[in-house]
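# Results of the structural survey
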Amino acid sequence: MPTARPGYDKLIFELSRPGRHAHSLPECDVPVSDPAQLLPAQHLRATAAELPEVSEVDVIRHYSRLSQMNYGVDTHFYPLGSCTMKYNPKINEDMARLPGFLRLHPLTPADASQGALQLMHELALDLAEVSGMDHVSLQPAAGAQGELAGVLMIRAYHLARGERRTKVLIPDSAHGTNPASTALAGFSVVELKSEANGDVDLLDLERHLGPDVAAFMITQPNTLGLFESKIHQITEMCHAQGVQVYMDGANFNAILGITRPGDLGFDVCHFNLHKTFTTPHGGGGPGSGPVGIKDHLAPFLPTPVVVKDGDEYALDWSRPQSIGKLQAFWGNFGMLVRAWTYIRTMGPDGLRAVSDNAVLNANYVLRRLEDHYDRSAPGPCMHECVVSARRQKKLGITAMDIAKRLLDLGFYAPSTYFPLIVEEALMIEPTETESKETLDEFCDAMIQIAREARENPQIILDAPVTTPVRRLDQTGAARQPRLKWTPPGKA
Amino acid sequence: MRYISNTPAQQREMLATIGVGSIEDLLARIPAKARLSRPLNVPAAMAESDLIRHLRRLSAKNANADDFACFLGGGSYDHTIPSPINHLILRGEFFTAYTPYQPEASQGTLRSIFEYQTMMAELTGMDVANASLYDGASSVAEAVLMAHAVTERKAAVISKGVNPLYRQVVETYCEGPAIRLKSAPLAEGVTDLDALRKSVSAQTAAVVVQYPNFFGCLEDVKAAAEIAHAAGALLIVVADPVNLGLLTPPGALGADLVVGEGQGLGVPMSFGGPNLGVFAAKQELVRRMPGRLVGATVDLDGKRGFVLTLQTREQHIRREKATSNICTNVALCALMATIYVSVMGKEGLRKVGELSTAKAHYAAEAFAKIPGVALTFKAPFFKEFALTLPKSPERVVKRLIKDKILAGVPLKTLDRAYKDCLLVAVTEKRTRDDIDAYAAALAAAVA
């Protein structure tokens, strides 16, 4: 039985030694320093919090070692479908760290934060142009919050017209956040069955549209990586019944400069700046999920709105029909600086080339893999492709097994088991930043795994063995959750 | 083209492999009338050196906390950010990794989140903490939604001592589920407990108080807990963990949920985002929590490892029945906080609290001596306090900016009841000289 290579196995708490410290804080320079003289006793901790006591070198070495247990885009190809794991430019980081941005307090008066407000105003205009929408709010913290904002604006719009619409239609191929955000906004979710290639079933849509439907929410290109070609018909059908159409912008990387949601008839779309616009994923966040809308929804935008009056920028709070605020301040500003930097780095031709090359790379991978794995749909794809491991499943090898074997071969895994409508789905999004050489290495690995499934399945079932740990007991973790470290003897 | 790796020759090779003549052929599914027939109207590409020059100029228009003495608070604070944080988070293996859905290739992120959860549970005095939510405001909103789900009640009472920006976010989130929100008034800067007692009922899912509250005052959390629990409601305490190295953890005072803004733990202010939403709960509520959770487990060889767990609460599995719609969180900010707490340690975090409160009290005393200036409230405060000024706070702020002082947050736009007031925050970074200079400038401005 193969064994994972031995490696580092510490938590920061296990490095702790009483009396060791890494901090450097100033001496107290005011006369009264004892908190017991300043605050009533009941407000002071009875016992010190049990926190690590470590040196700075402990901290550096520990977290450097932890980082080495991760795969990142900087070290590995990350073909994670629907997530757009493209290269995150380093200049973005330098710009976000300019003291005038990084060290700026959100409640600095507007006349002392004009540079930040101007950048936000410009980014909103650029995103509006890229999407063909009339207005963009930068406030949502991530895609799911952008969805919530969008659906709440739709709700407010209908209510302002005296219409109490209660349902939102969502295809079965949608990201899980779509139904979750919609339910949070107080709607009941009606799931529509997609056609096999992920296209909207027009007959089914027609059957469900009606005066109780507030919105239809779809992903374009769809989650099988195909452009929904009947899109004009869909948005017209919806509008004829007073239904608003929402575009999940997770797949925006496919369409920059090629087509625009606003021109397709969408009323609302959100952006994931951490996908298309190169802000880093950071192990799960932060992201940024601006939301774009058409004019008729403008009264309902989240407050405050960044406005320009002559040469002055300001936050406009006086919007009586607004859906309100989504986070305490104005948006994930640090991510906005990065996205602004990226758009200015690329320019119009560069942005178009992004999508062209994303589409080219995905189709190249699809072509190279289609003899070895089942395609989920015929014809060319957009920026990502979905293949099925149903052929391998018959040999006892699942999509998850393939994902684990890829880790041993030096690649992060594609998204697995999504979209839900494809059996044993492997969703591959190479992005435009990868070279043909990398794609070839990845495809060679995938083809090798397909061969191993026939000839030596055990090597796949044993994988991964080159990672810091082997396959983990997920069931045990959920049955008896251990969610924090406890000192030995106190467990 | 920058960030695009394939050469024109490679592109031709790839098209040949695919069996098409051009990239256009791959876009054939897009109907002609859907196509954009012109280039995007965004500014032309800039060279890196031009871009840097441009953004340096633009950013220089902002009064940043390196060049100005920052006394601004209200949910974002200029606390010390130890140097190791930036160096470590910029390691690409952390920075450019995705959510750790493939745990074998994500043990670094998973371990650091497990450490983060442990630290937050310890600081808040709770049993469990999640892997983070967006910010303090959305954490409060999620806590109210969770209390609504747990108690199956449709109302919540929020103290007016809770940050008004957070209260606005709670209102947004409560719109869909139609949770009725009542606010409990203040008396002398802290929640009026008699009024609170009258405002709770058998319909109340949660009582929400902030500790220290928006005005810096220290609430009687224990009394609020008794009132909430007597009505069968949960007590949600909004607290900033950077203060909890010194202050009593809300878990010890009866909180059922502790939420708040963790930005003070080593996360840059960055004009208000990204921030760090902290969310901690009692053990019995863990399966109703929003957001990701990391748990310890073992691998096939029995070796310790970590995974995302209890995922059946989450949107990618439960869809419209999930406990929250959150997917992306702020893992990297949680990593900053983890490194911060490691560097500060047991002694340092306590010292941050001691220095902040000592300097805040020194400042309050100095400012209140100025004729016409008074502390707005009598209640004990921690590192933040409200001043009532004899002149327009907006104008005073404008005047002090000339002296390179960011004097505080005028409260008029946030709560009209306090239109004469300025909210002042003092962290361990402000020196006695900063405070003395502020006092002199304030005296001149109100004279």
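Residues numbered from 1 in each chain as written. Chains lettered and ligands numbered in written order. Predicted model: local features only at pLDDT ≥ 70, side-chain atom pairs only at ≥ 80, totals over all residues.

### Overview of the overall build of chain B
Keep this limit in mind: Helix numbering and strand numbering both begin at the N terminus, where a helix is a DSSP run of H or I of at least 4 residues and a strand a DSSP run of E of at least 2. Three exposure classes are used. Buried residues have 20 or more other C-beta atoms within 10 Å of their own C-beta, exposed residues have 12 or fewer, and partly exposed residues fall in between, all C-beta atoms being placed from the backbone. Once C-beta atoms are placed from the backbone, any two residues with those atoms within 7 Å are in contact.
If you tally the helices and strands in chain B, you get 14 helices and 17 strands. Taken over the C-alpha atoms alone, chain B extends approximately 80 × 55 × 50 Å along its principal axes. For chain B, with 447 residues in total, the buried portion stands at 64%. Sequence separation of at least 24 residues holds for 73% of the intrachain contacts in chain B that already meet a minimum separation of 6.

### As for the overall build of chain A
Formally: For the radius of gyration, the atom set is restricted to C-alpha positions; the globular benchmark scales as 2.2 Å times the number of residues to the power 0.38.
Looking only at helices and strands, chain A features 16 helices and 13 strands. At 25 Å, chain A has a C-alpha radius of gyration in line with the 23 Å of a compact globule built from 491 residues. The principal-axis extents of the C-alpha atoms in chain A amount to approximately 75 × 70 × 45 Å. Taken across its 491 residues, chain A has 60% of its residues classed as buried. Counting contacts in chain A only where the partners sit at least 6 residues apart, residues at least 24 apart contribute 72% of the total.

### A short note on the nonpolar core
In a soluble, globular protein the nonpolar side chains are often hidden away together inside. All names here are of chain B. This is how it is decided: Core membership is restricted to buried Ala, Val, Leu, Ile, Met, Phe, Trp, Tyr and Cys residues, and these are joined into a nonpolar core through C-beta atoms within 7 Å.
Of all hydrophobic cores here, the largest spans 324 residues; its most connected members are Val-144, Val-207 and Ile-236. It is helix α12 (residues 331–368) that provides the largest number of residues to this core, a total of 21 residues. If sequence neighbours within four positions are ignored, Val-144 has contacts with Ala-156, Val-170, Cys-174, Ile-179, Ala-206, Val-208 and Ile-236.

### Considering the packing of helix α5 (residues 114–131) of chain A against helix α11 (residues 333–369) of chain A
All names here are of chain A. Here is the rule: Where helices are involved, their axes are fitted lines through C-alpha atoms of the stretch in contact, as for all axes, and angles between N-to-C directions lie from 0 to 180°. Roughly parallel means an angle under 35 degrees; roughly antiparallel means over 145; roughly perpendicular covers 65 to 115; every other angle is labelled oblique. The hand of a helix crossing depends on one turn: near helix anticlockwise from the far one by less than a right angle means left-handed, and clockwise means right-handed. Three residue categories are used. Nonpolar comprises Ala, Val, Leu, Ile, Met, Phe, Trp, Tyr, Cys and Pro, charged comprises Asp, Glu, Lys and Arg, and polar comprises the others, including Gly.
Packing of α5 against α11 leaves a shortest axis separation of 10 Å and a crossing angle of 60°. The angle between the axes of α5 and α11 places the two elements in the oblique class. The element α5 and its partner α11 pack so that their crossing is left-handed. Across the interface between the two elements, Ala-116, Leu-119, Met-120, Glu-122, Leu-123 and Asp-126 from α5 touch Phe-333, Leu-336, Val-337, Ala-339, Trp-340 and Ile-343 from α11. Looking at side-chain class alone, the contact of α5 with α11 contains 10 nonpolar, no polar and two charged residues.

### A look at the domain arrangement of chain A
When the parts of a complex come together, some accessible area is lost, and that lost area is often taken as the interface size. Rules: Boundaries of every domain are those given by an automatic assignment or by a domain database.
Taken domain by domain, chain A consists of domain 1 (12–67), domain 2 (91–345) and domain 3 (356–476). Centre-to-centre, using C-alpha coordinates, domain 1 of chain A lies 42 Å away from domain 2 of chain A.

### Topic: the packing of α11 of chain A against helix α14 (residues 436–455) of chain A
Residues and elements named next belong to chain A. Between α11 and α14, the least distance of the axes is 10 Å, while the angle of their chain directions is 30°. The pairing of α11 with α14 is recorded here as roughly parallel in orientation. By crossing handedness, the relation of α11 to α14 is classed as right-handed. Here Asn-361, Tyr-364, Val-365, Arg-368 and Leu-369 of α11 come into contact with α14, specifically with Leu-439, Cys-443 and Met-446. Across the contact of α11 with α14, the residue classes break down as six nonpolar, one polar and one charged.

### Things to note about the environment of Ala-63 of chain B
All names here are of chain B. Turning to its location among the elements, Ala-63 is positioned in the loop between α3 (48–59) and β1 (69–70). Given 25 C-beta atoms within a 10 Å radius, Ala-63 is considered buried. Sequence-wise, Ala-63 and Ile-339 are 276 residues apart; in three dimensions their C-alpha atoms are separated by 28 Å.

### With respect to the domain arrangement of chain B
Residue and element names in this part refer to chain B. Here the domain parsing of chain B yields domain 1 (69–81 + 346–446) and domain 2 (84–338). Each of domain 1 and domain 2 has a C-alpha centre, and these two points are 27 Å apart. The interface of domain 1 with domain 2 comprises 26 residues on the first partner and 26 residues on the second. Secondary structure elements with two or more residues in the side of domain 1 that touches domain 2: α12 and β14 (384–388).

### Side note on α12 of chain B
Residues and elements named next belong to chain B. Stated formally: Expected span of a helix, by definition, is 1.5 Å for each gap between consecutive residues, and there is one gap fewer than residues. Values of bend correspond, residue by residue, to the angle between axes fitted over the seven residues ending at that residue and the seven starting there.
With 38 residues, α12 extends only 41 Å from end C-alpha to end C-alpha; this falls clearly short of the ideal 56 Å at 1.5 Å per step. Along α12, the helix axis deviates most sharply at Gly-345, where the bend reaches about 95°. Burial runs high along α12: 34 of the 38 residues are buried.

### Structural notes on unusual backbone geometry
Here the bond from Gln-220 of chain A into Pro-221 of chain A is cis, since omega is -10°, no more than 30 degrees from zero. Looking at where Pro-221 of chain A falls in the secondary structure, it is placed in the loop between β4 (213–219) and α9 (231–240). Here Ala-463 of chain A and Pro-464 of chain A are connected by a cis peptide whose omega angle stands at 0°. With a phi angle near 70°, Tyr-3 of chain B is a residue other than glycine that sits in the positive phi range. Looking at the secondary structure, you find Tyr-3 of chain B in the segment before α1 (8–18). On the basis of neighbour counts, which here come to 19 C-beta atoms within 10 Å, the residue Tyr-3 of chain B falls in the partly exposed class. A positive phi is found at Ser-270 of chain B, a non-glycine position, where the angle reads about 45°. Looking at the secondary structure, you find Ser-270 of chain B in the loop between β9 (257–261) and β10 (277–281). Classification of Ser-270 of chain B by C-beta neighbours within 10 Å gives buried; the count is 27.

### Concerning the sheet that holds strand β7 (residues 291–293) of chain A
All names here are of chain A. Note the following rule: Two strands qualify as a pair provided that DSSP identifies no fewer than 2 bridges between them.
Pairing is mixed across the open sheet formed by seven strands, whose spatial order is β1-β7-β6-β5-β4-β2-β3. Among the strands making up the open sheet, the edge pair consists of β1 (135–137) and β3 (188–192). Between one strand axis and the next, the sheet turns by 25° as a mean value, whatever way the strands run. Both β1 and β7 contribute to a ladder of three bridges, which runs antiparallel. Bridge assignment links Ser-137 to a residue of β7, and that residue is Val-291. Along the sheet face, α5 touches β1, β6 (268–270) and β7 and points at about 125° away from the line of β1. Across the sheet, helix α7 (residues 177–184) touches β2 (167–171), β3, β4 and β5 (244–248), and the angle it forms with β2 is around 175°.

### A word on the sheet that holds strand β13 (residues 374–375) of chain B
Residues and elements named next belong to chain B. Across the sheet, which stays open at both edges, the four strands sit in the order β13-β14-β17-β16 with antiparallel pairing between neighbours. Across the chains shown, the open sheet's two edge strands, defined by having one partner strand only, are β13 and β16 (409–410). Bridge analysis of β16 against strand β17 (residues 421–425) gives two bridges, and the strand direction is antiparallel. Paired with Val-409 across the bridge in β17 is Leu-423. Packed onto the sheet, α12 meets β13, β14 and β17 and runs at close to 5° relative to β14.

### Topic: the environment of Leu-276 of chain B
Mapped onto the elements of the fold, Leu-276 of chain B is located in the loop between β9 and β10. Along the primary structure Leu-276 of chain B and Glu-261 of chain B are separated by 15 residues, whereas in three dimensions their C-alpha atoms are 5.7 Å apart.

### Quick notes on the pairing of β17 of chain B
All names here are of chain B. Most of β17 sits out of view: five of its five residues are buried. For β14 and β17, the ladder comprises five bridges, and the chain directions are antiparallel. Bridge pairing in β17 places Phe-385 opposite Val-424.

### Here we look at the interface of chain A and chain B
Contacts between the two partners involve 179 residues from chain A and, on the opposite side, 174 residues from chain B. For the side of chain A that touches chain B, the leading source of residues is α11 of chain A, giving 22 residues. For the side of chain A that touches chain B, the class distribution of residues is 95 nonpolar, 55 polar and 29 charged.

### A few points about the pairing of strand β7 (residues 204–210) of chain B
All names here are of chain B. Just so we agree on the cut-off: A crossover counts as right-handed when, viewed with the strands pointing away from the observer, the path leading from the first strand over the helix to the second turns clockwise.
Of all seven residues in β7, seven are buried, a share of seventy percent or more. With five bridges joining them, β7 and strand β8 (residues 234–238) adopt parallel strand pairing. Following the sheet pairing, Gln-210 is matched in β8 by Val-238. In the classification by handedness, the crossover that spans β7, the intervening helix α10 (residues 221–230) and the parallel β8 is right-handed.

### Comments concerning the confidence of the model for chain B
Atom-level detail of predicted coordinates should not be read off regions where pLDDT is low. Note the following rule: What pLDDT expresses is the predictor's confidence in each residue, scored from 0 to 100.
Confidence along chain B averages 97 in pLDDT terms, with 100% of residues attaining 70 or more. Here the prediction assigns the complex a pTM of 0.98, and the interface score ipTM is 0.98.

### Here we look at the environment of Asp-440 of chain A
Residue and element names in this part refer to chain A. Relative to the helices and strands, Asp-440 is located in helix α14. Judged by the 15 C-beta atoms lying within 10 Å of it, Asp-440 is partly exposed. Separated by 15 residues in the primary sequence, Asp-440 and Glu-455 place their C-alpha atoms 22 Å from one another.

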